[in-house]
Amino acid sequence: MNVLHFVDAFFSDSAHWHGYDGIPQRFREHLQYSLLALAVAAAVGLPVGLLTGHTGRGGNALAFIANAARALPSFGLLVLAVLLIGFGLLPVMIPLVVLAVPPILVTTYEAVRSVDPAPVDAARGMGMHESRILFRVEVPVALPLILSGLRSAAIQIVSTATIAAYVSLGGLGRYIIDGLYQRDYEKVVGGATLVAVLALLTLAVFWAAGRLAVSPGVRRR
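Novice: Explain the overall build of the chain to me, please; I cannot follow it from the model alone.
Specialist: Of the regular secondary structure elements, the chain holds 10 helices and zero strands. Its helices and strands in sequence order give the chain the pattern α-α-α-α-α-α-α-α-α-α, from N to C terminus. The C-alpha extent of the chain, read off along each of the three principal axes, is 65 × 40 × 25 Å. Counting over 221 residues, the chain shows a buried share of 44%. In the chain, of all internal contacts separated by at least 6 residues, the share reaching a separation of at least 24 is 75%. When the accessible area of the chain is evaluated, it comes to approximately 11,900 Å², of which 66% is carbon and sulfur surface.

Novice: Help me understand the packing of aromatic side chains, please; the structure alone is not making it clear to me.
Specialist: Here the distance between the centres and the angle between the planes together describe a pair of aromatic rings. Evaluated as defined, the whole model comprises four aromatic pairs. Ring geometry for Phe 10 and Phe 11: centres 5.1 Å apart, planes at 90 degrees, overall edge-to-face. On the numbers, 6.3 Å between centres and 45 degrees between planes, the contact of Phe 11 with Trp 17 is tilted. Given the relative accessible area of 24%, Phe 11 is considered partly exposed.

Novice: How do you make sense of the environment of Leu 150 when you look at a structure like this?
Specialist: Assignment of secondary structure puts Leu 150 in helix H7 (residues 130-160). Separated by 105 residues in the primary sequence, Leu 150 and Gly 45 place their C-alpha atoms 9.5 Å from one another. Setting aside residues up to four positions removed in sequence, Leu 150 forms contacts with Leu 38, Ala 42, Leu 46, Ile 104 and Phe 206.

Novice: What should I look at first to understand helix H2 (residues 23-55) in this one?
Specialist: Think of an α-helix as 3.6 residues a turn; residues three or four steps apart then line up on the same face. Given a rise of 1.5 Å per residue, 33 residues ought to cover 48 Å, and the 47 Å separating the end C-alpha atoms of H2 matches this to within 8%. A bend of about 30 degrees at Ala 42 is the largest found in H2.

Novice: So what exactly am I meant to see when it comes to the nonpolar core here?
Specialist: Ranked by size, the top nonpolar core spans 41 residues in total, and within it Leu 38, Val 92, Leu 96, Ile 104 and Leu 150 carry the most contacts. Secondary-structure elements contributing two or more residues to this core are H2, helix H4 (74-85), helix H5 (89-113), helix H6 (117-125) and H7. With 12 residues, H7 is the largest single contributor of residues to this core. Membership of the second largest hydrophobic core comes to nine residues, among which are Ile 23, Leu 172, Tyr 175 and Leu 194.

Novice: Would you mind showing me how to read the packing of helix H1 (residues 3-12) against helix H9 (residues 185-213) here?
Specialist: Packing of H1 against H9 leaves a shortest axis separation of 8 Å and a crossing angle of 90 degrees. The orientation of H1 relative to H9 falls into the category roughly perpendicular. Residue-level inspection shows Val 3, Phe 6, Val 7, Ala 9, Phe 10 and Phe 11 of H1 in contact with H9, the latter providing Tyr 185, Glu 186, Lys 187, Val 189, Gly 190, Thr 193 and Leu 194. Its residues placed into classes, the contact of H1 with H9 shows nine nonpolar, two polar and two charged.

Novice: Before we go on, may I ask you to explain H7 in this structure?
Specialist: The first and last C-alpha atoms of H7 sit only 38 Å apart over 31 residues, clearly below the 45 Å expected at 1.5 Å per residue. Roughly 60 degrees is the biggest bend found in H7, and it falls at Leu 143, with proline Pro 144 one to four residues downstream.

Novice: Explain a nonpolar patch on the surface here, please?
Specialist: A contiguous nonpolar patch, built from Phe 75, Val 79, Leu 80, Leu 83, Leu 84, Ile 85, Leu 90 and Tyr 166 and spanning about 830 Å² of accessible area, is present on the exposed surface. When residues of the nonpolar patch are assigned to their parent elements, the largest contribution, six residues, is made by H4. With respect to the helices, strands and loops of the structure, Leu 84 is situated in helix H4. With a relative accessible area of 67%, Leu 84 lands in the exposed category.

So, how was this worked out
Residues numbered from 1 in each chain as written. Predicted model: local features only at pLDDT ≥ 70, side-chain atom pairs only at ≥ 80, totals over all residues. Heavy atoms only, no water. Helix = DSSP H or I, 4+ residues; strand = E, 2+ residues; numbered from the N terminus. Buried < 20%, exposed > 50% of the residue type's maximum accessible area, 1.4 Å probe, protein only. Contact = heavy atoms within 4.5 Å. Areas by Shrake-Rupley, 256 points an atom, 1.4 Å probe, with all protein chains shown as cover. Phe/Tyr/Trp six-rings, centres within 6.5 Å; stacked < 30°, edge-to-face > 60°. Expected span 1.5 Å × (residues − 1). Bend = angle between axes of the 7 residues up to and from the residue. Core = buried A, V, L, I, M, F, W, Y, C linked by side-chain atoms within 4.5 Å. Axes fitted to C-alpha atoms, helices over the stretch in contact; angles between N-to-C directions. Parallel < 35°, antiparallel > 145°, perpendicular 65-115°, else oblique. Nonpolar A, V, L, I, M, F, W, Y, C, P; charged D, E, K, R; others polar. Patch = residues over 30% accessible without salt bridge, like charges linked within 9 Å, V, L, I, M, F, W, Y side chains within 5 Å. Salt bridge = Lys/Arg side-chain N within 4 Å of Asp/Glu carboxyl O.

That is the geometry; function is a separate question.
Written out as structure tokens, the structure reads:
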């Protein structure tokens, strides 16, 4: 039996579309975990990246923190968090946020630092406050790169949020974990396909956000 047969069998089974273990419910749970983790990571990474990028200070420290965070295994962090905190949503959020902060932080820093200094100097010469320079001059130009960091973090979160199933939570990882345990390979392949579909939808959302939020002049650069 090939992979396409497993996919067809999984999605054509009406039992997979209803109840607490149905695709809509699991999809909703996975999306909720991913959005929460991305929101927390953005709340940490964006302000720090913007501030350090604007001032030009702390770049080496950011690189060190990002490399250290990337070296941490997500599943190992999950196990450690469960041992220290217990089961629940918080132990799942910790590795997801740790995974997502570095690309947001570093990309935001690099995006602001890459802005042409000429308009920034002109804004200072006009007496603009530093916060207005950051949000009125630097951020609009840096926005495409900032969105790329958020997109990268979102894709990593969506792909890794399957670990929630290891601590008895829901999400699309439930199909993969339960399917492996039950040797139900239709369920394993179906769950993996749904994760891939959600990742593609995430890419589409960020593409649309870039078209709407980034000015045409900046997009053409």
